[in-house]
Amino acid sequence: GNCAGGIYSLQIHEHEGLEKATETIKSLRENQWLDHGTSWMGVKMFVMNPDLAVFTHAIVSIYFPPSGQLISEITLNSFPAEPYMHKSHIAADVAYFILWIHLFFRSLARIVYASVKRQLRLWASDMWNWLDVASMTGGLFVLGCWFYFLSLLGNVKDKALIVAGDRPKKENDFVFLQQREADAYSESTDILHAEVGALASFLMFYRVSICWYTLLIGMRFFQAFKAQPRLAIVTNTVQASLGDIAHFFIVLTLVFLSYAIAGMFLFGHRMLEFSEFHMAINKCFLLMLGNFNYEELAMEFPFTATLWFLSFEVMVVLVMLNMALAIVMDIYMKIAADAENEDTILSQSAKYVDNAWHRRKWVGLKTLVRTVQSMERQQVKMVSSKDLTEALPNLGNEQLNLIFHEVEERSEKLDEKGLSMSDAMKMVGWIKLAVQKLGKQVDEIAILEEEEKELMQASVGVGEGVMGVGEFLSLDPDADLKLKQLQLRLAHIEEFLNESMVTTVNRGKEMRSRMVTIESLLKESHDDYRGTEGGIPLRTTPTSRPTEATSSLWADMPTTALALPSVVPGTRRQAQAASSAASSAGGQARTVTFSA
């Protein structure tokens with residue numbers, strides 16, 4: 001053996017036999033090879049499995065820390081001696097290389113096209129383009145690492161052949177005849193272990209790189225999901241909620257780190273999980289997932305530990321995590337509602353097959369898109385069947401009718417979209433605030449009426465020409481009763497608004513059915529126009545409904561719908577004048593008067 005840099009190395013060779021190895025270890029023990037100054041002992045082995053053609057490099061390490069504890073660690077790396085033993089491995093690598101070449105040239109073509117069209121800023125704003133660049137760069141890195149691994153493997157096999165050649169021969173009873181042969185064998189063995197150690201370290205790095213690259217190219221599936229609206233729900237939800245989640249994550253991070261640091265001071269002196277900052281973060285994350293031992297936490301300072309644990313569970317687990325779920329679910333409901341009427345993946349696949357086989361002679365979709373975009377640039381507001389036929393002479397009647405049918409169906413689906421839960425809650429909240437303001441105005445009017453009544457009572461019998469008590473009471477003896485009834489009705493209105501928070505969705509469906517009826521009436525005139533011109537709007541976006549449709553809708557509402565007049569303080573004479581003016585104008589007027 002040798003001693004260099006505080007490390008004592010000893011080689012035990014296989015050809016020497018078990019007895020020789022046992023005798024060597026016994027002599028080491030007698031000479032106190034392991035003493036109080038020893039901090040590490042390691043055993044390195046490099047073996048070859050000829051049946052599987054696999055090399056195995058194993059390191060068994062035993063650490064002796066100052067605390068007296070023994071810490072063992074086993075590192076095992078296996079790698080094939082011939083990576084291309086099976087021809088299928090060659091085919092898989094060739095397919096991977098071809099796909100990488102395709103990705104490289106496609107990404108390069110997009111960059112060149114964006115630079116020629118001076119749209120590099122638009123290209124850079126699309127995160128999927130950066131995903132393509134990252135996938136292309138990562139693929140190139142993986143290819144380089146693979147070729148480097150092949151070169152290291154070749155060096156290891158060459159060094160293994162040298163060691164096998166320097167081993168003592170069987171006819172010499174595995175004994176070296178000269179000392180220089182023993183020295184050459186020891187040197188070649190050291191070189192082999194050094195090469196194997198370098199290869200094992202690189203393999204660990206290469207495997208971790210492959211792990212992250214697999215996750216990276218897995219993200220490309222989400223890019224492919226954009227072609228199918230049902231599959232794109234998750235992608236669109238994550239993309240739409242990134243802004244809110246980012247702001248929420250800042251708050252969550254600050255709260256989470258505060259509890260992790262507090263846990264270090266509270267538990268770090270007796271619990272290994274809280275002894276370091278990164279370990280405290282990991283333990284708090286496990287606590288957030290429900291993995292905890294409360295008895296161990298509360299073993300010391302039970303009151304403070306209980307307060308820390310309960311506040312962490314309430315603030316982080318019950319409040320923060322549920323807020324994150326609420327943010328994502330609100331956006332998910334909107335996107336899922338938009339994709340509710342879209343084709344499923346089976347129906348969309350059937351359409352693709354049908355278009356590829358039965359409609360292969362139709363005008364291509366790209367040609368249709370370019371034609372419509374050119375019309376849009378010419379500021380054409382309405383496209384008719386005649387316009388499409390003139391622009392595309394090869395467009396058949398069957399394809400033309402299908403285009404118009406798809407446009408109408410798309411327009412109807414856009415018009416039939418209902419309100420999301422958050423929008424419905426906002427609408428109900430606005431109505432409730434409006435009614436509360438109205439109730440406040442009514443209360444103010446009631447106070448003014450009470451003050452006027454007290455003032456008139458105080459002035460009874462004072463001076464001449466003053467109205468008597470009996471004459472005052474004959475004005476409107478039911479004023480107080482009416483005020484109480486009005487207040488009771490306002491209370492019922494508020495109760496009705498609270499109940500409407502639950503029934504908003506059902507009422508929205510009823511509203512949608514009524515709007516469909518109105519739309520069917522409006523479409524009769526539109527169909528008459530199409531019968532003559534056959535025109536469709538260039539952009540099928542939902543438009544605002546006519547005022548007549550909205551008026552007829554409210555006219556058909558059930559009696560449970562409430563129409564409240566605007567109440568302002570005034571006298572009976574002013575109210576009668578307003579009523580007569582409205583009647584003379586041919587309209588209906590509803591007035592609420594208060595008299596004392």
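Residue indices begin from 1 for each chain and proceed along its sequence in written order. pLDDT decides what is reported in this predicted model: residues at 70 or higher carry local features, side-chain atom pairs at 80 or more are listed and counted, and totals for whole chains, interfaces and linings draw on all residues regardless. The side-chain values count all of the structure's non-hydrogen atoms but skip hydrogen atoms and water molecules.

1. Some details on the overall build of the protein chain
The following threshold applies: Secondary structure elements are defined from DSSP: runs of H or I of at least 4 residues count as helices, runs of E of at least 2 residues count as strands, and each element is numbered from the N terminus. Partly exposed describes any residue whose relative accessible area lies between the buried limit of under 20% and the exposed limit of over 50%, with all areas from a 1.4 Å probe on protein chains only and scaled to the type maximum. Should any heavy atoms of two residues lie within 4.5 Å, those residues are counted as being in contact. Per-residue accessibility takes into account occlusion by the displayed protein chains alone, with areas from the Shrake-Rupley method and a 1.4 Å probe.
Assigned secondary structure in the protein chain consists of 20 helices and seven strands. When the 596 residues of the protein chain are sorted by exposure, 24% land in the buried category. Across the protein chain, the fraction of contacts at a sequence separation of at least 24, relative to all contacts at a separation of at least 6, is 67%. Entry remark: accessible area of the protein chain is about 41200 Å², with carbon and sulfur atoms responsible for 62%.

2. Some remarks on the nonpolar core
Using the following cut-off: Take the buried residues of types Ala, Val, Leu, Ile, Met, Phe, Trp, Tyr and Cys, join any two whose side-chain atoms come within 4.5 Å, and each joined set is a nonpolar core.
Counting 23 residues, the largest nonpolar core has Phe-267, Phe-274, Trp-308, Phe-312 and Val-316 as the members making the most contacts within it. Of all the secondary-structure elements, those providing two or more residues to this core are α8 (242-267), α9 (277-288) and α11 (302-338). Other than its neighbours up to four places away in sequence, Val-316 contacts Leu-252, Val-255, Phe-256, Tyr-259, Met-288, Ser-311 and Leu-321. In this structure, Val-142, Leu-152, Val-156 and Leu-199 belong to the second largest nonpolar core, which totals 19 residues.

3. Comments concerning the environment of Trp-146
Its location among the elements puts Trp-146 in helix α4 (residues 127-166). When the C-alpha atoms of Trp-146 and Tyr-206 are compared, they prove to be 8.3 Å apart, with 60 residues separating the residues in sequence.

4. Overview of the packing of helix α7 (residues 232-240) against α11
Selection rule: The convention used is that axes are lines fitted to C-alpha atoms, helices contributing only their stretch in contact, and that angles between N-to-C directions extend from 0 to 180 degrees. Should an angle fall under 35 degrees it is called roughly parallel, over 145 degrees roughly antiparallel, and 65 to 115 degrees roughly perpendicular, with every other angle called oblique. We call a crossing left-handed when the near helix sits turned anticlockwise from the far one by less than a right angle, and right-handed when that turn is clockwise. Each residue gets one label: Ala, Val, Leu, Ile, Met, Phe, Trp, Tyr, Cys and Pro are nonpolar, Asp, Glu, Lys and Arg are charged, and the others, such as Gly, are polar.
Two elements in contact, α7 and α11, have axes whose closest approach is 9 Å; the angle formed by their N-to-C orientations is 135°. As the angle between them shows, α7 and α11 are arranged oblique. Crossing hand, α7 versus α11: right-handed. Where α7 abuts α11, its residues Ile-233, Asn-236, Thr-237 and Ala-240 lie against Val-328, Ile-331, Tyr-332, Ile-335 and Ala-336. Classifying every residue of the contact of α7 with α11 by side-chain character gives seven nonpolar, two polar and no charged.

5. Observations regarding the pairing of strand β4 (residues 54-63)
Looking down a regular strand, the side chains alternate between one sheet face and the other. What counts is decided by this rule: The pairing criterion is simple: DSSP has to find at least two bridges between the two strands.
Here strand β3 (residues 40-49) pairs with β4 via ten bridges, running antiparallel. Its bridge partner lying in β4, Phe-46 is registered against His-57. With antiparallel pairing between neighbouring strands as the criterion, β3 and β4 make up a hairpin whose turn holds four residues, including Ala-53 at a positive phi of roughly 55°. With ten bridges connecting them, β4 and strand β5 (residues 71-80) associate as antiparallel partners.

6. Some details on the environment of Phe-104
Considering the arrangement of structural elements, one finds Phe-104 in helix α2 (residues 87-116). For Phe-104, a relative accessible area of 29% corresponds to the partly exposed category. Taking C-alpha positions, Phe-104 is 8.9 Å from Thr-137, a pair spaced 33 residues apart along the chain.

7. So, the packing of aromatic side chains
Stated formally: Aromatic contacts are taken between Phe, Tyr and Trp rings whose centres are within 6.5 Å, Trp giving its six-membered ring; a plane angle under 30 degrees counts as stacked, one over 60 as edge-to-face, and the others as tilted.
Tallied over the entire structure, the rule returns 22 aromatic pairs. Consider the rings of Tyr-259 and Trp-308, whose centres lie 6.1 Å apart with planes at 65°: the pair is edge-to-face. Placement of Tyr-259 in helix α8 and of Trp-308 in helix α11 is noted, with a sequence separation of 49 residues between them. For Tyr-259, a relative accessible area of 15% puts it in the buried group. Between Tyr-259 and Phe-312 the ring centres are 5.3 Å apart and the planes differ by 70°, which places this aromatic pair in the edge-to-face class. Highlighted residues: Tyr-259 in helix α8 and Phe-312 in helix α11, separated in sequence by 53 residues. Grouping residues by exposure puts Tyr-259 and Phe-312 together as buried.

8. Some words on the sheet that holds β4
In spatial order, the strands read β3-β4-β5; together these three strands make up an open sheet with antiparallel pairing. A single partner strand is all that each edge strand has here, and the edge strands are β3 and β5. For this sheet, the mean inter-axis angle between neighbouring strands, taken without regard to orientation, is 10°. Its contacts with the sheet place α4 against β3, β4 and β5, and it is angled at close to 100° to β5. Contacts between helix α5 (residues 179-218) and the sheet are confined to β3, β4 and β5, with β5 contributing the most and set at about 90° to the helix.

9. A closer look at the packing of α8 against α11
Where α8 contacts α11, the two axes come as close as 11 Å, and the packing angle between them is 165°. If you check the angle between α8 and α11, you find them roughly antiparallel. Crossing hand, α8 versus α11: left-handed. Among the residues forming the contact of α8 with α11, the class breakdown is 21 nonpolar, three polar and one charged.

10. Details of α2
Basically, it comes down to this: Multiply 1.5 Å by the residue count of a helix minus one, and that product is the helix's expected span.
Helix length check: α2 (30 residues) gives 44 Å between terminal C-alpha atoms against 44 Å at 1.5 Å per residue, within 8%. Taken together, the buried positions of α2 are Trp-100, Leu-103, Ser-107 and Ala-114. In this fold, the buried residues of α2 make contact with α3 (120-124), α4 and α6 (220-224). Arg-118 sits one or two positions beyond α2 and adopts a positive phi of about 60°.

11. Overview of the confidence of the model for the protein chain
Caution is warranted with low-pLDDT regions, since their predicted coordinates should not be read in detail. Definition in use: The score called pLDDT rates the predictor's confidence residue by residue, from a low of 0 to a high of 100.
Chain-level pLDDT for the protein chain is 77 on average; 80% of the residues reach the 70-or-more range. Here helix α19 (residues 547-555) stands out as the least confident element of the protein chain, with mean pLDDT 40; α8 is the most confident, with 92. Segment residues 1-5: pLDDT under 50, and seven contacts once partners within four positions in sequence are set aside and those in other chains are kept. Counted against residues more than four places away or in other chains, residues 461-475, with its pLDDT under 50, gives 13 contacts.

12. A look at unusual backbone geometry
Backbone phi values are negative for most residues with the exception of glycine, while trans is the configuration of most peptide bonds. Non-glycine residue Ala-53 carries a positive phi angle of around 55°. Positionally, Ala-53 belongs in the loop between β3 and β4. Residue classification places Ala-53 among the buried positions, given a relative accessible area of 12%. Even without glycine at this site, Phe-301 takes up a positive phi of about 50°.

13. Concerning the pattern of salt bridges
Heads up, the condition is: Salt bridge, as used here: a side-chain nitrogen of Lys or Arg that lies within 4 Å of a carboxyl oxygen of Asp or Glu.
On inspection of all chains with the given rule, the structure shows four salt bridges. Note that Asp-132 is salt-bridged to Arg-110, the shortest N-O span being 3.2 Å. Within this pair, whereas Asp-132 is found in helix α4, its partner Arg-110 is found in helix α2, the two being separated by 22 residues in sequence. Residue class for Arg-110 comes out partly exposed when judged on its relative accessible area of 34%. A salt bridge links Arg-270 to Glu-300; the nearest nitrogen and oxygen atoms lie 3.2 Å apart. Highlighted residues: Arg-270 in the loop between α8 and α9 and Glu-300 in the loop between α10 (294-297) and α11, separated in sequence by 30 residues. Its relative accessible area of 29% is what places Glu-300 among the partly exposed residues.

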